[in-house]
Amino acid sequence: MRDTIVIGMSGGVDSAVAASILVENGYNVEAVFMKNWDEEDQEFCTAAEDYKDALQVCEILNIPLRSVDLTDQYWEKVFKVFLNECEKGRTPNPDILCNKEIKFRAFLDYALELGATKIATGHYAQIKTTDNNFQLLRGKDSNKDQSYFLYRLDQSQVSKSIFPIGTLDKERVREKANSLGFLNHNKKDSTGICFIGERNFRKFLKKYFDEQPGEIISDKGTVIGEHEGLMYYTYGQRQGLGIGGGHGTIDAPWYVSDKIIQENRLVAVQGHDHPDLYHSYLTATNINWISGSSPGENDIITSKIRYRSKDSGCKIKKQSDSILVEFDSPQFAVAPGQSIVFYHNDVCIGGGIIEARSNTPSH
Amino acid sequence: MLYFDNSATTPIHPEVAEKLDYINREHYANPSSIYNQGRKAKSLIENARKQVADAIGAKSDQIFFTSGGTEANNQVLWNSIENDKKHIIASSIEHPAVIRVINKIRSFGITSSLASVDEDGTVDIDSILKLVNDDTGLVSIMLANNEVGTIQPIKEIAKKITRLNIPFHTDAVQALGKIPVDVTSLGIDYLSLSAHKFYGPKGIGALYIKNKKTLKSFIIGGEQEFGLRGGTENIAGIIGMGIAAEIATKDIDSCYSHLKHLEDYFLAKLHSISSNFIRNGNSNNCLPGLISISFKGHKSDVLMAKLDRKNIAVSNGSACNTGNIKPSNILKEMGIRDDLNLSTLRISFGKNNNEKEIDKLIEALKEIL
C-alpha cells in the first residue's frame, strides 16, 4: 500500500499547493484542518472561512479533509508561555513554539494515530537526508524561507516531516494554485502571530494584562513620554511611542533601546544609528541543535536574530547551559525572548532564545 | 456508501424526489396569484397541509410551513419577546435551535431556566415544575433527543404544564416517522417538524400551532401562511413534505419494527466482537435505530476518519463549522465523563439499511477497534 501522508491544511495557498504536490507524487494524501484557537469575538473569526477554503481544495484534489481540535494543547503549551514571556517584558515568538509543541508534536501524534507515516506542511523549508541524519535547509525562495520558525525541531520530528513547496518560490506556488482552480490562489498571506492575525496586537493583549503604564525616558534620563505597559513594546520599535515634538534636538525618530523592568520604564533613543540600539554580543539559552550535536567552535556559521533579518557572521562560545554569540558586526535591536537561529550555508543547524545582549564578552 | 447517519438527514424517498421535479417544472406559478395556475398551486399546498396535519392528528389550519425545524423553533421562542410573560423553561439537552435562541433573546428581556436530565437523558418532571414561576410564559422540551434518542415523557409534562395555563412546545424533529406523534394525545400547544428527517426534502418544515392567535408573524412580508410567515411558498418542498409525512405515518409500524430490528441486530453483533463499549441513553425508551455508543479508549474523530476511509458514514454528535469535535453538551449534561464523551459515535439506521450493511459495519469496526 502507498504511504499515507497527512497534510496540515490551513486553508491558505501554501498548504493547498503542498497537498497537490503530494498527490502528484503518488502518495495517499489526507488533509487535516487544525484548530488551535477558540474565537470568542466573531469580529475576527476566520476559522470557518479557512475551513471552507481547505474543503474546496480537497474536493479538487479528491482527498478527504478531517479536523482536529488542539485548542487546549495550544493554550497550555504555547499561549501561556507567550503571556508569561510578555509579562517579563520579553519578545516571545509563539509561532516557533507552536511548531515545536503543536504542529510537529500534537498534530504529528494525531496524524500517526490516523495511520500516517509522515506529515507534510506548507512551510518554505527543505529536508535533506544524509547518512542517518535529517538536515533542515532553507526554503529555495529566500524571500519566503521559514526555516527560522522550525529551528526547535529535533531529529525525530524532522524525520517524519515533508515540506513539498520548499523547492518552489511563492510566485510559482500561486500560479500552480491558480492553474488547479484553487479559490485561495490569491488569498493574502497570513501575517503576524497566528492567533492575533490581523488584529491590533496591543488591543488583543490588553484583555490579558492589567494596565501598567509608566514613563518613557531618553538615554539622558529625561522623561519624554508615557508607555502603556512594557509588554506592548519591543526593542527597536519605532511606531506607537507617542513621543511628540519638543523632545530631543535632532529631527529624527525615536526607537526603543531598553526596558528597565524594575522601574517599569521604557528607554528610547533618537535616530536609527544610535549606538545604544546596537550590540555585538548576546547570550542565548534553551539551545536546540537539530542534528543533536553542537557545531564546532571554529565552524563558519551565520545567524538571524529575527525572522527575515539578513544573515550575520558570528562565533559561538559554549558556556555551561548557554552560549555566548559574538557577531562580526554589531546587531540592531537584539530582543531578549526572540530566537537566534544559526545556519551553516543553507543548513539550519539550530538556535536558542536570546537572554541578554551586551557590547562586551564579559558574562 | 454505507449510510448510518439517518438522524442527521435521510435520503429522499424516490416518490418524493419525482414529485419535486414534477412540481418545479409544472407548477411554477405563484400560489398567491389568482389565475388558474396560481390557484392550482395553492390547492396543492393546501392538500399537503392536510397530509401533514393528518400525520400528527392535527387540523389543517393548525399547520404552518416553515423553512425547517430550526425556523419552527425560532418562531415559537422569539414570540416570547412579545408576550407579557418573559420566562422560558427548556431542558438542558435541547438542540442548539432551542438553546442558542434562548440565549440570544436574553438581550430582549427574556429569562430562562434549563431543567436537568438524568444519566439516561430523561428530563425530570418535578425539576421542571420547580422552575415554574409567575413569569413563565413557555415550556419547550424536545420529544426525542437527537444524539441519544431518549424519548421524553412529553404527555405527562404537558399535562402538568398546560394545567398551569403555560403554553407547551415540543421539538419533534427527530420523532416523526420513527414513533407515533399525535398532538392531541400529547396535549401540546406547539410542535416543530422537519421534512428531511423523514425522507422528505431539505429546506422545508412545519410548525403545529394549536391556536393560531397565540403567535404573531415571524418572517414579515406577504400574507402567506395566514400572515404568520411572509415569502413565496416553497411549493415543491411543501408538497414533498406532504407526501413524505403521509408515507412516514402509513409505514410507521413497519418502519419502527425494521429500525428496532436493525438496532438489536447491530448490538448483538457488536457484543460478539467487543465488550469495551457503553451505550448511552435510555435503551428502554428510545428512538428505534438510534444508537449512541462510547468506545472506551478510542477517539471518536479517529474512529470516524477510519470509517470514512471505508466509505462508512456515522456521526459523533455535533461538529462545528470547522469540522472540529467538541465534547457533546448533551452527553455532558447526562454526566458522561469527557474522555468517554470524546469517544462517542452516533449510529442512526434508516429504513433503507439492511442486515448485510450492518455486517459490513461490524466487519469494519472489528478491524478498527
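Remember, it's a predicted structure, so these values are computed and weren't measured experimentally.

With that settled, the discussion passes to the domain arrangement of chain A. All names here are of chain A. Each assigned domain of chain A is listed here: domain 1 (4–180), domain 2 (210–273) and domain 3 (276–358). Relative placement of domain 1 and domain 2: their C-alpha centres are 37 Å apart. Across the boundary between the two partners, domain 1 contributes four residues, which contact six residues of domain 2. Each residue belonging to the side of domain 1 that touches domain 2 can be placed in one class, and the counts come to one nonpolar, two polar and one charged.

This part covers the sheet that holds strand β7 (residues 190–194) of chain B. Residues and elements named next belong to chain B. The strand order β2-β8-β7-β6-β5-β3-β4 describes an open sheet built from seven strands, whose pairing is mixed. The open sheet has two edge strands, β2 (63–66) and β4 (111–115), and neither has a second partner. Recorded for the sheet is a direction-independent mean angle of 20° between the axes of neighbouring strands.

Here the focus is the sheet that holds strand β9 (residues 223–227) of chain A. Residues and elements named next belong to chain A. Ordered in space as β9-β8-β11-β10, the four strands form an open sheet in which the pairing is mixed. The open sheet is flanked by β9 and β10 (254–260), the only strands paired with a single partner. Neighbouring strand axes in the sheet, compared pairwise and without regard to direction, differ in orientation by 30° on average.

Formed by 100 residues in total, the largest nonpolar core has its most connected members in B:A206, B:Y208, B:M241 and B:A244. Element by element, the count of residues in this core is highest for helix α8 (residues 235–250) of chain B, at ten residues. A domain-level breakdown of this core finds at least three residues from each of domain 1 (2–9 + 251–368) and domain 2 (14–250) of chain B. Leave out the neighbours within four places in its chain, and B:A206 touches B:V52, B:I63, B:F64, B:F65, B:T66, B:A72, B:L193 and B:M241. If you look at the next biggest cluster of nonpolar residues, it comprises 96 residues, including A:A120, A:F149, A:I224 and A:I340.

Turning next to the domain arrangement of chain B. Residues and elements named next belong to chain B. Domain annotation for chain B reports domain 1 (2–9 + 251–368) and domain 2 (14–250). When each unit is reduced to the centre of its C-alpha atoms, the spacing between domain 1 and domain 2 is 27 Å. Of all the elements in the fold, those that place two or more residues in the side of domain 1 that touches domain 2 are α9 (252–273), β10 (290–295) and α11 (329–333). The dominant element in the side of domain 1 that touches domain 2, judged by the number of residues it contributes, is α9, at four residues. When the residues that make up the side of domain 1 that touches domain 2 are grouped by side-chain class, the tally is ten nonpolar, ten polar and three charged.

Definitions and limits used
Residues numbered from 1 in each chain as written. Chains lettered and ligands numbered in written order. Predicted model: local features only at pLDDT ≥ 70, side-chain atom pairs only at ≥ 80, totals over all residues. Domains from an automatic or database assignment. Contact = placed C-beta atoms within 7 Å. Nonpolar A, V, L, I, M, F, W, Y, C, P; charged D, E, K, R; others polar. Pairing = 2+ DSSP bridges. Helix = DSSP H or I, 4+ residues; strand = E, 2+ residues; numbered from the N terminus. Axes fitted to C-alpha atoms, helices over the stretch in contact; angles between N-to-C directions. Core = buried A, V, L, I, M, F, W, Y, C linked by C-beta atoms within 7 Å. Buried ≥ 20, exposed ≤ 12 C-beta atoms within 10 Å, placed from the backbone.

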